[in-house]
Amino acid sequence: MALQVLNLRAENYKRLKAVDITPEGNVVFIGGRNAQGKTSVLDAIWAALAGGEASRATQQPIRDGQDTAVVRLDLGDLIVTRRWTKDDSGTLTVEAPDGAKHSSPQKLLDQAIGARAFDPLAFTRLPAREQLAALVATVDLPFDPDELERERKGVYDRRTEIGRDVTKLEGQLAGYTQPDPSLPEAEESAADVLAERERARSNNEMYERAVAAEKRLMEEINELEEQLREKMNNLALLQDAALQLDRPVDLAPFDERLATLEQTNARVRAQQQRAAVAAELAERKQAHAQHTLKLQQIEQRKAAALAEVEFPVPGLSFNDTGVTFNGIPFSQASAAEQLRVSVALAMAANPTLRVLRILDGSLLDSKSLELIAELAAEHDYQVWIEVVDESGSVGFVIEDGEVR
Ligand SMILES: Nc1ncnc2c1ncn2[C@@H]1O[C@H](COP(=O)(O)OP(=O)(O)OP(=O)(O)O)[C@@H](O)[C@H]1O
Ligand SMILES: [Mg+2]
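Residues numbered from 1 in each chain as written. Chains lettered and ligands numbered in written order. Predicted model: local features only at pLDDT ≥ 70, side-chain atom pairs only at ≥ 80, totals over all residues. Heavy atoms only, no water.

Chemist: I'm lost on the overall build of the protein chain in this one. Help?
Modeler: If you tally the helices and strands in the protein chain, you get 11 helices and 13 strands. Scaling as 2.2 N^0.38, a compact globule of 404 residues should have a C-alpha radius of gyration of about 22 Å, whereas the protein chain reaches 49 Å, well beyond that. In terms of overall dimensions, the protein chain has C-alpha extents of about 160 × 45 × 35 Å along its principal axes. Expressed as a percentage of its 404 residues, the buried residues of the protein chain come to 37%. A separation threshold of at least 6 residues defines the contact pool for the protein chain, and within that pool the share at least 24 residues apart is 72%. Entry remark: accessible area of the protein chain is about 23,400 Å², with carbon and sulfur atoms responsible for 49%. A distance of 4 Å separates the average location of the 47 positive side-chain charges in the protein chain from that of its 67 negative side-chain charges. (Helix = DSSP H or I, 4+ residues; strand = E, 2+ residues; numbered from the N terminus. Rg over C-alpha atoms; globule rule 2.2 N^0.38 Å. Buried < 20%, exposed > 50% of the residue type's maximum accessible area, 1.4 Å probe, protein only. Contact = heavy atoms within 4.5 Å. Areas by Shrake-Rupley, 256 points an atom, 1.4 Å probe, with all protein chains shown as cover. Lys, Arg positive; Asp, Glu negative; His and termini not counted. Charge placed at Lys NZ, Arg CZ, Asp CG, Glu CD.)

As structure tokens, then:
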């Protein structure tokens, strides 16, 4: 179902007294001097179609001094009549050409009619942020651009923090001396070395005693032949005991180790700390690289998703700051390009109600008007254009709330 305005009748809506307009062709000019009711004509169309939001935007829809306002739109397949009254919320009827009334008229209008009030010229003049919001509302995006941007920023900030850790740890690492492979891995305990030394010392003492006893016994053996057998026994026992002991051990190395132990242990500690810092640095570096990869993945996901989006106009896209056309900011496209794109967007946003409006038509030069007329004819849209005109020769001339 494609709908256009075949006939518009409005009474007492805003500045209007009574107008009856049967447009012809794809471009409908509403001309006349200032404050005569031109915008009121265009508003009447959208006020008739839109529900609550339009009535809230217009505080006083009924012309001063009147009690009711009526707008009747003949859209071919639908006839829409909206009535405003001073005392209640008014009425809306939507009927088929044969007079059959629809039971939920506003619901039907809401379903049949998309972004009614899309004014392509107004779009070209929106700030970049609002333009972006308007575009996003007309296309099916497979992702939420704000959410994706938040995610990207989160990863980016986290990576910056980790990067600071990396720099700090690198500085710390540089403060240590290079590792010495000859150092033991762990600090040595003085108590252990002392205990070892004590064992060696007592071994030595016993050894010396044994030797002395042996010597004495040998002398006694010489002197006391008769006790030889018994003493020989003792001697054999002692010799056995001596065999159980280590050979005399040099104690000097223990003393040397003890003398340098504290110094060596300090170096061992430093070496252990250095190894810990190096390990943490490696871990942070890896995390940093992972975050860089994540950022790349987000950019890739976004690029891939954007490549999937079907924009209503070839060359149209957007980036973080706004709408782009052929890769450059929309505001930098030529005036004709901006108008062409906006009209195409407006058309894409209104596939059923094939009616667009341009409130600031006086800003368009003849070339732009020609372009709009061409696009309207090519895609069979009806474009209502308000133009300030004093000659009285442009379109439907509105004068004092009526068609002259
Ligand atoms: N409910 C109302 N009753 C009476 N007059 C109204 C009402 N609403 C608006 N007006 C008057 O209508 C005039 C504006 O009407 P409208 O915007 O339709 O004019 P216009 O022809 O589009 O003017 P312009 O060329 O300046 O855009 C103003 O003078 C305003 O005071
Ligand atoms: Mg106006």
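Chemist: I keep staring at the packing of helix α10 (residues 335-349) against helix α11 (residues 366-379) and nothing clicks. Help me out?
Modeler: Any two packed helices are characterised by how steeply their axes cross, that is the angle between the axes, and by the distance between the axes. The geometry of α10 relative to α11 is characterised by a closest axis approach of 10 Å and an angle of 30° between their N-to-C directions. Comparing the axis directions of α10 and α11 gives the class roughly parallel. Between α10 and α11 lies a crossing whose hand is right-handed. Contacts between α10 and α11 involve Ala336, Leu339, Arg340, Val343 and Met347 on the former and, on the latter, Ser368, Leu371, Ile372, Leu375, Ala376 and His379. Of the residues in the contact of α10 with α11, the class split is eight nonpolar, two polar and one charged. (Axes fitted to C-alpha atoms, helices over the stretch in contact; angles between N-to-C directions. Parallel < 35°, antiparallel > 145°, perpendicular 65-115°, else oblique. Left-handed = near helix turned anticlockwise from the far one by under 90°. Nonpolar A, V, L, I, M, F, W, Y, C, P; charged D, E, K, R; others polar.)

Chemist: Please explain the environment of Arg340 as it appears in this structure.
Modeler: Residue position: Arg340 is located in helix α10. On the accessibility criterion, Arg340 (45% relative accessible area) is partly exposed. Residues Arg340 and Ala373, spaced 33 residues apart in sequence, show a C-alpha to C-alpha distance of 11 Å. Apart from the residues within four sequence positions on either side, Arg340 is in contact with Leu371 and Leu375.

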